[in-house]
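Results of the structural survey
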Amino acid sequence: MRVVSGIKPTGNLHLGNYLGAVKQWVAMQDEVQASGGETMFFIADLHGLTEWIAPAELRANTIEMTATLVAAGIDPARSILFNQTRVPAHSELSWLLNNVARVGWLNRMTQFKDKAGKNREGASVGLYDYPVLMAADVLLYNATHVPVGEDQKQHLELARDIATKFNTDYATELFTLPEPLVSRAAPRIMSLRDAGAKMSKSNPSEMSLIKLIDADDVIADKFRKAKTDPDVLPGNVEGLDGRAEAKNLVTIFAALADRTPADVLAEYEGKGFGAFKPALADLAVATLGPIRDEMTRLLDDAAAIDAILDRGAEKARDLAAPVLRQAQEAMGL
Ligand code: ADP
Ligand code: NA
């Protein structure tokens, strides 16, 4: 079993990114390796180009994402961790696969339609071609499993279609067809000021989100001032229906503690937010504080991050080289 997963470089990471994405990857790393599998995680900086981003920001995001993953528990000694750009075979295989993928297949991709919106003519060719690069990302390593959320299922199907057509057209068994890796459902974290909106870096209110870089007292203050209601906590999850703010705080508590919301409610039933918020703040500081400190240490040591990505890329290049070479040979190059 080899699991390959790409992560877009985003900056200003917040609690929603941590509980909804980063923590899930760390759990996946540990579960896959416990059953004898291998894990590869790459920062998809080439995918980051498909929508315009300032060069300095893209560079900083790649570094921040690497520091966050390592601080949160992705272990570069146990997982292969790198960024796409350092492994040119991603771009090279992508070009080969461009000649296998059909325009009609890409025209059906709903993510392109959503992202391009009405301005299809003005979208970059890269945004349109994004799923072919994604196919190259996983086929290059003969990934057996690829973790996919709802929005990526169609892209994985496309990768399988490309692999099948390549194997057929060039009479080879080179590419492995990757299966989706179904992981436990990621929690969806809502804004601390308005639980109708998701916690997001694009929310202008500072108090609506916990940033991974926030100091302990800032984390505690944001939870203290989080919007709630005057009622006490119910004994079961159904009792949170219609209480979006309360539900969000219980969801956050449960996700941080690796417990179920039902289990958290069993402990706090009958208590008000005067008791629950300080407990949540303590838990958040205890969990996020060490990650922030390690992230900060790494971000102050550019050479350390560079060395991590370099070592990961070296291992990835070794795995990619023979597959790329065989693909070229199969095609007559
Ligand atoms: P943002 O919405 O802040 O711009 P991104 O779109 O860059 O965040 O998301 C990066 C990753 O973090 C994705 O895997 C996404 O599903 C996850 N994520 C973002 N916000 C949340 C949230 N509020 N709750 C759970 N997961 C989230
Ligand atoms: Na992804």
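Worth saying up front: this structure is predicted, and the values here are computed from it rather than measured.

When the domains of the protein chain are assigned, the result is domain 1 (2-187 + 302-331) and domain 2 (206-297). For domain 1 and domain 2, the distance between their C-alpha centroids amounts to 32 Å. Domain 1 puts 11 residues into the contact, and the matching count from domain 2 is 10 residues. When residues in the side of domain 1 that touches domain 2 are grouped by element, the largest group, four residues, is from helix α2 (residues 55-72). The class makeup of the residues in the side of domain 1 that touches domain 2 is eight nonpolar, three polar and no charged.

As a further point, take the environment of Thr164. Along the polypeptide, Thr164 turns up in helix α7 (residues 153-169). On the basis of neighbour count, Thr164 is assigned to the partly exposed category, with 13 C-beta atoms found within 10 Å. Considering only alpha carbons, one finds Thr164 and Leu177, 13 residues apart in sequence, at a separation of 7.5 Å.

Glancing now at the pairing of strand β2 (residues 38-43). In terms of residue burial, β2 counts as a mostly covered element, since five of its six residues are buried. Sheet analysis places strand β1 (residues 2-7) next to β2, joined by six bridges and oriented parallel. Note on β2: the bridge partner recorded for Gly6 is Phe42. Note on the crossover from β1 through helix α1 (residues 15-34) to β2: the handedness is right-handed.

Before going further, it helps to examine helix α12 (residues 302-331). For the α-helix, the turn length of 3.6 residues means that residues three or four positions removed from each other point alike. The end-to-end C-alpha distance of α12 is 41 Å, a good match for the 44 Å that 30 residues give at a rise of 1.5 Å each. The largest bend along α12 measures about 30° and falls at Ala320, with the proline Pro322 one to four residues further on. The inward-facing, buried residues of α12 contact β2, α2, β3 (80-83) and α3 (89-98). Following α12 by one or two positions, Gly332 adopts a phi angle in the positive range, close to 95°.

What counts as what
Residues numbered from 1 in each chain as written. Chains lettered and ligands numbered in written order. Predicted model: local features only at pLDDT ≥ 70, side-chain atom pairs only at ≥ 80, totals over all residues. Domains from an automatic or database assignment. Contact = placed C-beta atoms within 7 Å. Helix = DSSP H or I, 4+ residues; strand = E, 2+ residues; numbered from the N terminus. Nonpolar A, V, L, I, M, F, W, Y, C, P; charged D, E, K, R; others polar. Buried ≥ 20, exposed ≤ 12 C-beta atoms within 10 Å, placed from the backbone. Pairing = 2+ DSSP bridges. Right-handed = clockwise from strand over helix to strand, strands pointing away. Expected span 1.5 Å × (residues − 1). Bend = angle between axes of the 7 residues up to and from the residue.

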